[in-house]
Each structure stands twice: as structure tokens, then as C-alpha cells.
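Survey of secondary and tertiary structure
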Amino acid sequence: MDCGTEVRRTEFLPTDQLSTLIATLRADGFRTIGPTIDQGAIIYDEIESADELPRGWTDRQEAGKYRLEKRDDDAYFGYVVGPHSWKRFLFPPSAVVATADRGDAGWDLRTPDHEPPRYAFLGVRACEIAAMKVQDRVFLEGPYVDPIYKKRRDAAFIVAVNCTQAASTCFCTSMQTGPRCKGGFDLALTEIDGGFIIESGSAAGDDVLQRLPTAPADETAFARAESARQQAVDQITKTMDAEGLRDLLLQNLDHPRWDEVATRCLSCTNCTMVCPTCFCSSVSEVSDLTGDHVERHRQWDSCFNIDFSYMNGGVVRNGIRSRYRQWLTHKLASWHDQFDTSGCVGCGRCITWCPVEIDLTEEVAAIRRSPGDPSRPAADTESKP
Amino acid sequence: MNPPIQQTLPPIARKQRLAVFKFASCDGCQLSLLDCEDELLAVAEAVEIAYFLEASSHFEPGPYDVALVEGSITTPHDAERIQEVRRQSRFLVTIGACATSGGIQSLKNWADHQEFLRCVYARPEYISTLNDSTAIADHVTVDFELRGCPINRHQLLEVLKSLISGRRPRTPTHSVCLDCKRRGTVCVEVAQGIPCLGPITQTGCGAICPSYDRGCYGCYGPAAQPNCDSLTSQYLNTGSTHETLIPLLHNFNADSPPFRDAGNRLRQSAVLDSSGGRP
Ligand code: SF4
Ligand code: SF4
Ligand code: SF4
């Protein structure tokens with residue numbers, strides 16, 4: 001996939017031809033993953049036709065609460081991001097990274113290298129493209145390249161969707177990641193009456209686009225698409241002031257707000273699991289009963305798991321205060337030092353899916369309202385666990 | 001292909017001797033061992049099963065390398081027997097909610113057990129029981145706890161594998177939520193408003209209940225450092241009642257301290273509520 005930032009070609013795709021897009025991608029050998037309704041939510045799963053999309057449905061989201069609702073129209077993409085993110089396809093929740101078999105001549109060590117499926121992701125939002133770019137920095141652009149991520153990411157075809165509405169939990173405008181997709185896609189759709197404005201953003205996107213039964217997009221269609229996209233911007237109410245956020249947090253490691261949030265936080269890991277940029281995993285060796293066959297398993301893990309900071313002799317972050325603070329200060333502060341970007345793209349998932357309604361934007365705002373003494377050096381020592 | 005590495009583990013001198021003991025319980029956890037169909041032969045080959053009445057009436061006297069102990073202590077006789085089991089066992093593993101926290105039968109700890117005896121038995125004077133159902137750890141030192149009602153056979157196999165290779169067993173202590181997310185289950189609490197104990201419950205089952213649109217009912221007992229009060233006040237604020245939440249906590253692991261205490265606090269606040277806020 002080419003992460004070009006320019007739109008190369010723009011057309012109009014009639015509503016009933018969305019299925020042709022999916023069929024074309026499938027004929028090209030892609031496994032098409034898109035939004036679909038399951039377990040009372042819009043999740044990402046394999047879809048074979050446009051009939052499986054949540055047409056006519058929307059989501060109502062607030063801190064700690066998600067509900068599906070019927071729309072009064074039959075829009076295909078009239079909702080925002082849900083409990084899943086594309087990271088479960090690019091960075092699978094569990095994977096075997098190595099195997100070892102004991103034989104007469106000793107151990108035979110292997111790295112499984114199955115060819116992963118070539119995914120086409122349908123309905124990727126701007127904040128989600130931004131999240132992929134964050135994970136690219138983590139998995140591809142550092143000294144160690146993650147081969148599992150790389151194969152999947154290189155092969156993926158991205159059909160983005162410009163949001164035409166926002167949830168009360170969205171704050172991409174604060175993080176400057178959306179709602180308009182400005183690159184990092186092969187194709188991008190904006191849903192309007194009767195069809196979609198479809199743009200291509202890569203050579204692979206051009207190739208698919210020229211095989212679709214499109215019509216030229218006229219001025220009216222462009223104007224409609226523009227106002228649909230503006231509607232999403234106008235609906236965004238949540239903000240997070242990102243200015244100087246790194247220093248603010250690192251200068252306030254002993255702020256009383258950490259104690260307060262620790263009385264509410266369950267350390268349940270949900271926020272990190274739903275976050276499209278969180279990338280932590282743990283690796284363990286699993287043997288059979290004889291010990292002759294051993295597998296090395298990698299699984300999603302979380303800084304909220306007490307065992308995650310276990311080192312020889314004990315647990316480093318042995319309290320909820322310490323674990324919540326680790327999460328927030330990594331995501332919003334030390335991520336900048338490590339990856340030269342914020343770890344937050346403003347998708348709002350951690351707010352919706354926190355069972356006790358903890359909202360990171362409120363935590364940040366509370367610290368901003370009564371910051372400690374900024375002349376104190378940004379301590380990296382943990383004075384209190 | 002990578003070249004083979006010339007290194008093997010030292011052979012184990014002799015087979016480890018395994019014993020399985022039962023106290024007040026339903027036998028479900030012991031059955032998990034028999035349920036390891038595929039691995040059962042390998043288990044029988046790798047360890048010497050010296051005492052396991054559920055599987056064989058033949059038994060060997062102690063001492064044992066590993067004792068798997070199922071069930072809680074509810075009679076004076078069992079309170080003595082567990083001491084003997086401890087004396088005979090090098091590494092004692094409790095299996096299941098009964099052995100680890102007193103089990104569902106610990107609900108009698110909140111009631112008058114003499115009254116139960118009168119209701120159930122024609123001749124209660126022949127029954128010799130204790131007032132409370134207590135965990136094995138309340139009586140003897142426990143080396144490792146395997147949670148669950150019943151235990152998970154993969155975790156049981158992990159215990160057996162660790163015993164064979166001479167290392168400590170590894171079982172995670174994090175919340176059920178982490179496993180819901182790994183398997184892609186949508187949170188039943190957030191999406192459907194079902195009160196779920198997952199955030200404060202230790203994983204081990206693989207997050208089964210939420211995948212069937214049910215809330216977790218805590219059968220693996222409390223996760224590490226559970227914040228029970230935050231969860232219960234959240235559920236009370238979003239429409240759950242004391243009548244739902246107290247039995248949710250006072251359930252299979254009713255007597256595990258975090259669930260016991262959080263449930264007791266709810267009982268107290270329910271009393272306060274019904275008396276118009278006055279004690
Ligand atoms: S921290 Fe929260 S809002 Fe930010 S990217 Fe992660 S889930 Fe989305
Ligand atoms: S902030 Fe919320 S979702 Fe995250 S660990 Fe704490 S309680 Fe769980
Ligand atoms: S369903 Fe229960 S266990 Fe699963 S994520 Fe939600 S609260 Fe946690």
C-alpha cells in the first residue's frame with residue numbers, strides 16, 4: 001500500500017454499486033473486513049457483501065455506555081468507531097512466534113511463517129488511519145521490525161470512510177487526526193444521498209477505481225459531500241488541549257488527581273485493549289506434557305495487568321494509581337520521546353469502553369486546572385507507588 | 001531451517017507422585033482431571049498417580065510430591081484430615097472455588113447452620129458439622145491455588161507440566177476483561193448494561209460467560225488488587241439493585257475476602273437505604 005497524501009482521482013459511486021466494490025476486492029484475492037453488527041455493537045469482521053454492513057443503524061456512545069439504534073435513513077456508514085479496531089487484524093491478539101522440538105540431534109527451532117491473509121479494510125476512519133501510522137512507528141520504523149505486523153500491513157488495502165457524524169466521545173479535531181481522511185488510504189468514500197464520492201489515494205486505489213461502474217462527480221455531489229463532512233466536525237464537542245501536554249503531565253507525577261482516579265479505576269485493561277495504538281504484548285513459553293514440543297506465544301497484554309510489570313523479585317507498578325499514571329503519561333507524554341508522536345488519536349474508545357466512565361480528557365483537564373509547580377524538574381522517579 | 005541446538009534437559013530421576021484429595025465439594029474439579037481425555041494417557045505416564053479415589057480404588061500411602069486438594073472444610077473430621085494431607089504432601093495445590101475460598105457452601109457462614117440441619121435432616125443430632133465452610137488455606141499452608149468453579153483443564157495441565165519440569169506453575173491473575181478483548185467479545189456491561197464481575201474477577205475460564213451474552217459471575221474469584229467498591233457503586237448508579245449485586249458477589253467465592261467484604265458493605269448500605277438512611 002502506498003500512503004500517498006494526494007487524492008489522485010475522484011468519482012461518484014452509486015449506492016447499489018457498493019457491492020461491486022466489495023466483489024472486486026474479493027475477486028482480487030482480498031479478505032474483506034468491514035463493520036457489521038454482532039453482540040449488540042458494530043464490530044469488524046469478514047464481510048462478503050454490502051448486505052452485511054450495518055445499513056440503517058447507528059451507535060450512541062458516552063462514557064461507559066454504547067447502544068445501537070435504528071437510523072431514520074438507510075445510510076451504510078452512519079456511525080463511528082466501535083469496540084474493535086483494525087489492530088486486531090494487523091497485530092493479532094495472539095500469535096505463535098516460535099516453536100522448538102526436541103529430537104535426537106537436539107532442539108529444532110523454527111519461526112512459523114504462514115502467509116497471512118491479504119486484508120482489505122472497508123470503512124476505516126481518519127482517526128484509525130492515524131492510529132495505523134502510530135503503530136507503524138512502533139512496529140516498522142524503530143530498530144526492530146515486527147514481521148507479523150509488517151506482512152499484514154504491507155498487504156492491506158484500505159478503503160477509508162469520511163465521517164459524516166461524530167459521537168460525544170470523539171475528539172479527533174483536538175488531536176488533529178480527523179474527521180477528514182487526508183491520506184494513508186487506497187480509496188476513500190464520503191456517503192451522500194444516492195451514493196458515494198469515491199477518491200483514490202494510491203496506484204492500487206486507481207487500479208480498483210477504474211474497474212468500478214462510477215460516474216463523474218458533479219458540483220452538487222461535491223457540495224453535498226463537503227457539508228456531510230462538515231456535519232461531523234460540527235458535532236464534535238469533546239476537546240483535549242494537547243498544547244504542552246507532555247510537560248504538563250511529567251511535571252505533575254505527584255498530582256492528587258492520580259489518587260482520585262485510582263479510587264475509580266478498576267485496572268481492568270479495557271481502555272488499553274480497545275485503544276487502536278496500544279501495542280503491548282507478553283511472550284510466554286508453552287510446552288506439552290513431555291516438554292519435547294515448546295511454543296512461544298505472544299498475546300496482547302496491558303500496563304493495567306499487575307503481572308505486566310513483574311520483574312525478578314517483584315512488581316514495579318504495584319498499585320492502581322501507579323498503573324493508571326503509567327498508562328496516561330505514556331500515551332500522552334513519553335510516547336512523544338519514544339516515537340515522536342502522541343499515542344492518542346482522539347478516537348474516544350477508551351472513554352466509551354471504560355466500565356466506570358473514566359474519561360482521559362477529564363483527567364487531563366483536571367490536572368491542567370491546578371497544575372503543580374512547573375519549575376520542578378520532570379521527575380521520572382516514582383516517589384509513590 | 002535453523003541448525004539444531006545441542007542441548008537437552010537433565011532427565012528427571014523418578015516420577016513425581018501425585019495424590020488427589022476431596023473435602024466438601026461436588027467432585028467437578030477432580031473430574032476436570034479425568035476430562036483431560038487427550039492428555040490423560042500422557043499424564044498417567046508422566047506422573048505416578050498414587051491416590052485418586054475418583055479414578056481408582058487402589059491407593060498408595062504417602063508421602064506425595066504433589067497433592068491436589070478439592071473441597072472446603074466443613075466438619076471437625078475434615079479439619080483433622082487436612083492436617084494429615086499437609087504432613088504427607090510436599091507441594092499442596094488447592095483446586096477450585098471450594099478449596100480456595102470455601103465455595104458456594106460458605107453461604108452458610110451468613111446463616112444459622114443449626115437451622116439448616118433441622119430443615120434438612122430427620123435426625124440432626126447424628127450430623128457433626130462446623131458452623132462455617134472455610135478455605136483450605138485457613139487450616140494449612142497452601143503452595144498454589146488453582147481457581148475456578150470448576151477449574152479449567154488447561155490450567156490444571158499447566159500445574160502438572162510445571163510439576164514434571166520442576167518449575168512454578170504460571171496462571172494469570174489479571175481480569176476477565178483482558179480475555180474478552182483478546183477474543184473479540186463485546187463488553188456486555190457497556191453495550192448491554194448487564195452487571196458483569198469481569199473487571200474484578202481473575203481470568204482462567206477464557207471469558208466464557210460474556211461470550212454468551214451473560215455477565216461474569218466471578219467463579220474464579222477476585223483478580224489481583226480488585227477495586228470492588230468502584231464497580232459496585234458504578235452498577236448501583238446505572239440501575240442495578242442491591243438485590244442483584246449482593247448475590248452476585250456472595251456466590252461461588254462468597255468467602256474470598258474482597259468479595260465477602262464488598263458484599264457485606266452492600267448489605268450494610270441496603271439496610272441503611274431501607275431504614276431511610278438511618279442505621
Ligand atoms: S487513548 Fe483513548 S481516545 Fe486516545 S487513541 Fe487510545 S482509545 Fe482512542
Ligand atoms: S481507566 Fe477504565 S477501562 Fe482503563 S483500566 Fe481503569 S477502569 Fe479499566
Ligand atoms: S463483558 Fe465483563 S469481563 Fe468482558 S470486558 Fe465487559 S466487563 Fe469485562
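Scoring rules and cut-offs
Counting of residues starts from 1 at the beginning of each chain's written sequence and follows it residue by residue. Here chains are named by letter from A upward and ligands by number from 1 upward, in the order in which they appear as written. At least 70 in pLDDT is required for a residue's local features to be given in this predicted model, at least 80 for side-chain atom pairs to be given and counted, and no such filter applies to totals for whole chains, interfaces and linings, which use all residues. Here the limits of each domain have been adopted from an automatic or database domain assignment. Contacts here follow a simple rule: the backbone-placed C-beta atoms of the two residues must lie within 7 Å. Runs of H or I in DSSP of at least four residues are treated as helices and runs of E of at least two as strands, each being numbered from the N terminus. Ten residue types, Ala, Val, Leu, Ile, Met, Phe, Trp, Tyr, Cys and Pro, are classed as nonpolar, four, Asp, Glu, Lys and Arg, as charged, and the remainder, Gly among them, as polar. Whether a residue is near a molecule or strand depends on its C-beta atom, placed from the backbone, lying within 6 Å of it. One bridge is not enough; two strands pair if DSSP finds at least two bridges between them. To obtain an axis, a line is fitted to C-alpha atoms, over the contacting stretch when the element is a helix, and the angle between two such axes runs from 0 to 180 degrees between their N-to-C directions.

Section: the domain arrangement of chain B
Residues and elements named next belong to chain B. Partitioning chain B into domains gives domain 1 (16-165) and domain 2 (176-274). Computed over C-alpha atoms, the centres of domain 1 and domain 2 are 26 Å apart. Taken together, the contact pairs 15 residues of domain 1 with 13 residues of domain 2. No other element matches the three residues that helix α4 (residues 96-101) contributes to the side of domain 1 that touches domain 2. Its residues placed into classes, the side of domain 1 that touches domain 2 shows five nonpolar, nine polar and one charged.

With respect to the site of ligand 3
With respect to spatial proximity, 15 residues lie near ligand 3, and among them Cys177, Cys180, Cys187, Cys196 and Gly198 of chain B are the closest. Nearby residues around ligand 3 are contributed by chains A and B. Those elements that provide at least two residues to the shell around ligand 3 are α7 (176-183) and α8 (188-192) of chain B. Of the residues forming the shell around ligand 3, the biggest block, three residues, is contributed by α7 of chain B. Considered class by class, the residues forming the shell around ligand 3 number eleven nonpolar, three polar and one charged.

Section: the sheet that holds strand β1 (residues 16-22) of chain B
All names here are of chain B. Ordered in space as β2-β1-β3-β4-β5, the five strands form an open sheet in which the pairing is parallel. The sheet is open, and its two borders are formed by β2 (47-52) and β5 (144-146), each paired with just one other strand. Going from strand to strand, the sheet's axes swing by 25 degrees on average, the running direction of each strand aside. Here five bridges tie β1 to β2, and the two strands are oriented parallel to one another. Note that in β2 the partner of Gln16 across the bridge is Val47. Sheet contacts for helix α3 (residues 76-88): β1, β3 (64-70) and β4 (89-95); angle to β4, the most-contacted strand, approximately 130 degrees.

Examining the site of ligand 1
Surveying the vicinity of ligand 1 reveals 13 residues, the closest of which are Cys275, Cys344, Cys347, Arg349 and Cys350 of chain A. For the shell around ligand 1, a count of residues per class yields eight nonpolar, three polar and two charged.

Focus on the interface of chain B and chain A
Note: interface size is frequently given as the accessible area lost on complex formation between the parts. Tallying the contact residues gives 41 residues for chain B and 46 residues for chain A. Of all the secondary structure elements, the ones that give two or more residues to the side of chain B that touches chain A are α2 (37-46), α6 (153-165), α7, α8 and α10 (228-237) of chain B. Split by residue class, the side of chain B that touches chain A holds 19 nonpolar, 15 polar and seven charged.

Considering the domain arrangement of chain A
All names here are of chain A. As far as domains go, chain A holds domain 1 (9-235) and domain 2 (245-369). Just the C-alpha atoms count here: the centres of domain 1 and domain 2 sit 25 Å apart. With 37 residues of domain 1 in contact, the opposing surface of domain 2 contributes 33 residues. Going through the elements one at a time, β6 (94-103), α3 (126-139) and α5 (172-175) are the ones with two or more residues in the side of domain 1 that touches domain 2. Partitioning the side of domain 1 that touches domain 2 into residue classes produces 23 nonpolar, nine polar and five charged.

Topic: the sheet that holds strand β9 (residues 157-161) of chain A
Residue and element names in this part refer to chain A. Within the open sheet, the seven strands sit side by side as β1-β11-β10-β9-β8-β2-β3. Their pairing is mixed. Only two strands of the sheet have a single neighbouring strand rather than two, namely β1 (9-14) and β3 (41-46). Neighbouring strand axes in the sheet, compared pairwise and without regard to direction, differ in orientation by 25 degrees on average. Pairing analysis gives six bridges linking strand β10 (residues 187-192) to strand β11 (residues 195-200), with the strands arranged antiparallel. Counterpart to Leu187 in the pairing with β11 is Ser200.

What about unusual backbone geometry?
The peptide bond linking Gly178 of chain A to Pro179 of chain A adopts the cis configuration, its omega dihedral lying at 5 degrees. In this structure, Pro179 of chain A sits in the loop between α5 and β10. Following Cys149 of chain B, the chain continues into Pro150 of chain B via a peptide bond in cis, with omega recorded as 0 degrees. Secondary-structure assignment places Pro150 of chain B in the loop between β5 and α6. Its identity is not glycine, yet Gln39 of chain A carries a phi of approximately 50 degrees, on the positive side.

A closer look at the environment of Cys216 of chain B
Residues and elements named next belong to chain B. Along the chain, Cys216 falls in the loop between α9 (208-211) and α10. Taking C-alpha positions, Cys216 is 9.6 Å from Cys177, a pair spaced 39 residues apart along the chain. Those residues in contact with Cys216 that sit more than four places away from it in its chain are Val176, Cys196, Leu197, Gly198, Thr201, Cys209 and Pro210.

Overview of the pairing of strand β2 (residues 31-38) of chain A
Residues and elements named next belong to chain A. Sheet analysis places β2 next to strand β8 (residues 119-124), joined by three bridges and oriented parallel. Pairing of Thr32 across the sheet is with Ala120, part of β8. Note: β2 against β3, six bridges, orientation antiparallel. Paired with Pro35 across the bridge in β3 is Tyr44. Hairpin connection, β2 to β3: the antiparallel pair is bridged by two residues, and Gln39 has positive phi, about 50 degrees.

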